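Notes for the structure review
Spelled out, the chains give:
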There are 2 protein chains.
Amino acid sequence: MDKRELLLEAATKLFVERGLHATPTSAISKEAGVSAGILFHYFKTKDDLIDELYVSIKKEYTSSIMSDLDKIHSDLGKLRLIWSNSWNWAIDNDLKFKFLLQVDNTSCAERVKTHPEIIAKYELFHNLIQEYVDKELIKNMDAYFIMGSMFGLITSMVSYLTQFPDKRNDQLFIEQAWEVFSNSLRP
Amino acid sequence: MDKRELLLEAATKLFVERGLHATPTSAISKEAGVSAGILFHYFKTKDDLIDELYVSIKKEYTSSIMSDLDKIHSDLGKLRLIWSNSWNWAIDNDLKFKFLLQVDNTSCAERVKTHPEIIAKYELFHNLIQEYVDKELIKNMDAYFIMGSMFGLITSMVSYLTQFPDKRNDQLFIEQAWEVFSNSLRP
DNA sequence: TTTTTAAGTGACTAATCACTCAACAAAAGT
DNA sequence: ACTTTTGTTGAGTGATTAGTCACTTAAAAA
């Protein structure tokens, strides 16, 4: 078992449960079942661990929302796939998603948001949105604003589905939620 | 000058700048220009300070978004006022808003979300939304889902306006943003 | 085989932290 | 005037924490 990975997993769990400020490194290594010292072999400092964890989860998220797009050929179909990819990933990885929410609005996210690989993924997403704007499939506004609105709606949907898990398989609900989302972007 | 208030203000600033986990109580009292001990005269513990800060800001926010509603008589006008109240408050109080974002997704928000005064404000808001749903002014979905969508969109709009401040007075932008919002709720 | 490099341990430490407390100052009561 | 209550200080304390280090084990490289 990769101890680095064990540490990242343990950190995710504890950070979400207790918050960054209430999770000592000793608790992380204990939860991971490894020695206290090894954490500082893989990560220079605690902040370094937080940064790397944030980057790796952000990468995973941004990758997963763009997956299987090539299998869909209609334009709105692609948008709907991104939408469902997003909330599906968030629900399947709720600890990771909660960690993202917690750190996204934090100063330590600033340190990290410039990471080239993450910027690249966002550019990809941005270009796709811009394409839709150009094709007049969605409202003619700044693509970054539209991306933000998407994330805002997806985040609130995920929070709702976390609170009411039985809605996850409620096709009527899913369809209505999609309508809320797609109506908001309609030109 | 009320030292309790000075402490809360200093805490807001530092928590947003450095994060909860990197802000010692000593830094808070220093920033507030008061002695280290007085913090524990007004707040039992550091967590208590965080809780009280969160509650007071949340109260202020929930109050302000519902203000002046009685001056408006058309239904959609009221909804639009809530919408603009929200992002105006968030922009005028960006530190406080950032603090809310940071703590909202945290385990320590759980401790506090049950606060009766906050629940009361949300009930008020919830009832208004439910009224709109009943009048078929907005989509027939669970009012809590709709509230969540509203907050999601408002949050993303505020983030955007924080990044591009010159858009704040761009009437075309404001109007389009309102359309995004109101379209999303259209029945 | 021998040497070098990397992975891993856990007791240890220096620094930091949340929080206390004895002393004092200023109102507020009486 | 005197007493009580409340606000305020900052040095001090014990506990906790991030991070180190001397050392062990394992695996590559030479």
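Residues numbered from 1 in each chain as written. Chains lettered and ligands numbered in written order. Predicted model: local features only at pLDDT ≥ 70, side-chain atom pairs only at ≥ 80, totals over all residues. Heavy atoms only, no water.

**Quick look at the relation of the copies chain A and chain B**
Overlaying chain A on chain B yields an RMSD of 0.1 Å, the required transformation being a rotation through 180 degrees with an accompanying axial translation of 0.0 Å. Taken together, the rotation and translation describe the operation of a two-fold axis. Comparing interface residues between copies, 100% of those in chain A also lie at the interface in chain B; the contact surface is shared. (Least-squares fit on C-alpha atoms with pLDDT ≥ 70 in both. Contact = heavy atoms within 4.5 Å.)

**Let's talk about the protein's contact with DNA strand D**
The full set close to DNA strand D counts 14 residues, and T25 and K46 of chain A together with S35, H41 and Y42 of chain B are the nearest of them. Close to the protein, within 4 Å, the atoms of DNA strand D are drawn from sugar and phosphate at a rate of 74%. Note that a phosphate oxygen of DNA strand D is positioned 3.0 Å from one of the backbone N or O atoms of S35 of chain B. A distance of 2.5 Å separates a phosphate oxygen of DNA strand D from a polar atom in the side chain of Y42 of chain B. Elements represented by at least two residues in the surface near DNA strand D include exactly helix 2 (25-32) of chain A together with helix 3 (39-42) of chain B. Class assignment for the residues of the surface near DNA strand D results in 5 nonpolar, 7 polar and 2 charged. (Near = heavy atom within 4 Å. Polar contact = N/O pair within 3.5 Å; in protein donor to acceptor, adjacent residues only side chain to side chain. Helix = DSSP H or I, 4+ residues; strand = E, 2+ residues; numbered from the N terminus. Nonpolar A, V, L, I, M, F, W, Y, C, P; charged D, E, K, R; others polar.)

**Section: the interface of chain A and chain B**
Tallying the contact residues gives 35 residues for chain A and 35 residues for chain B. Across the interface of chain A and chain B, roughly 2800 Å² is buried in total on both sides, 63% from carbon and sulfur atoms. When the area that chain A buries against chain B is broken down by residue, the three leading residues are H21, N105 and F145 of chain A, summing to 22%. Where chain A packs against chain B, one counts 2 salt bridges. E179 of chain A is the salt-bridge partner of K139 of chain B, the closest N and O atoms lying 2.9 Å from each other. Connecting chain A to chain B are 7 residue pairs in polar contact (both at pLDDT 80 or more). (Buried area = accessible area lost by both parts, 1.4 Å probe. Salt bridge = Lys/Arg side-chain N within 4 Å of Asp/Glu carboxyl O.)

**Some words on the domain arrangement of chain A**
Residues and elements named next belong to chain A. Each domain of chain A was delimited in the assignment, giving domain 1 (1-43) and domain 2 (53-185). Inter-centroid distance (C-alpha atoms) of domain 1 to domain 2 is 28 Å. If you look at the interface, domain 1 gives 8 residues, while domain 2 gives 7 residues. The three residues of domain 1 that bury the most area against domain 2 are T12, V16 and L20, which together make up 63% of that side's buried surface. At the boundary of domain 1 and domain 2, one finds 0 salt bridges. Linking domain 1 to domain 2 there are 0 residue pairs in polar contact (both at pLDDT 80 or more). Class assignment for the residues of the side of domain 1 that touches domain 2 results in 5 nonpolar, 2 polar and 1 charged. (Domains from an automatic or database assignment.)

**Things to note about the packing of helix 5 (residues 75-92) of chain A against helix 6 (residues 94-104) of chain A**
All names here are of chain A. Packing of helix 5 against helix 6 leaves a shortest axis separation of 5 Å and a crossing angle of 105 degrees. Relative to helix 6, helix 5 is oriented roughly perpendicular. Where helix 5 abuts helix 6, its residues W89, A90, I91 and D92 lie against D94, K96, F97 and L100. In terms of residue class, the contact of helix 5 with helix 6 is made up of 5 nonpolar, no polar and 3 charged. (Axes fitted to C-alpha atoms, helices over the stretch in contact; angles between N-to-C directions. Parallel < 35°, antiparallel > 145°, perpendicular 65-115°, else oblique.)

**Digging into helix 4 (residues 46-65) of chain B**
Residues three or four positions apart in an α-helix share a direction because the helix packs 3.6 residues into each turn. Residue and element names in this part refer to chain B. Taking 1.5 Å of rise per residue, the 20 residues of helix 4 would be expected to cover 28 Å, and the 29 Å separating its terminal C-alpha atoms lies within 8% of that figure. Within the sequence span of helix 4, burial applies to L49, I50, D51, L53, Y54, V55, I57, K58, Y61, T62, S64 and I65. Near the N-terminus of helix 4, the side chain that reaches the backbone nitrogen of D47, with its oxygen 3.4 Å away, is that of T45. (Expected span 1.5 Å × (residues − 1). Buried < 20%, exposed > 50% of the residue type's maximum accessible area, 1.4 Å probe, protein only.)

**Observations regarding the pattern of salt bridges**
Applying the stated criterion across every chain, the model contains 23 salt bridges over all chains. Between K71 of chain A and D68 of chain A there is a salt bridge, with the nearest N and O atoms lying 3.2 Å from each other. For K71 of chain A, a relative accessible area of 62% translates into the label exposed. For D68 of chain A, a relative accessible area of 38% corresponds to the partly exposed category. When the shortest N-O distance is used, the salt bridge between K58 of chain B and D104 of chain B registers 2.8 Å. Taken together, the residues span a long stretch of sequence, with K58 of chain B in helix 4 and D104 of chain B in helix 6 (residues 94-104) at a distance of 46 residues. In the salt-bridge network here, residues are joined through shared partners; they are D75, E131 and K135 of chain A.

**Let's talk about the environment of E110 of chain A**
All names here are of chain A. Within the fold, E110 resides in helix 7 (residues 107-113). According to the relative accessible area criterion, E110 is exposed, its value standing at 53%. Taking the C-alpha atoms as reference, E110 lies 36 Å from S74; in sequence the two are 36 residues apart.

**Structural notes on the protein's contact with DNA strand C**
Taken together, 14 residues sit near DNA strand C, with S35, H41 and Y42 of chain A together with T25 and K46 of chain B positioned nearest. Take the atoms of DNA strand C that sit within 4 Å of the protein: sugar and phosphate atoms are 70% of them. Note that a phosphate oxygen of DNA strand C is positioned 3.4 Å from one of the side-chain N or O atoms of K3 of chain A. One of the backbone N or O atoms of G37 of chain A is found 3.5 Å from a base nitrogen in DNA strand C. Split into classes, the residues belonging to the surface near DNA strand C amount to 5 nonpolar, 7 polar and 2 charged.

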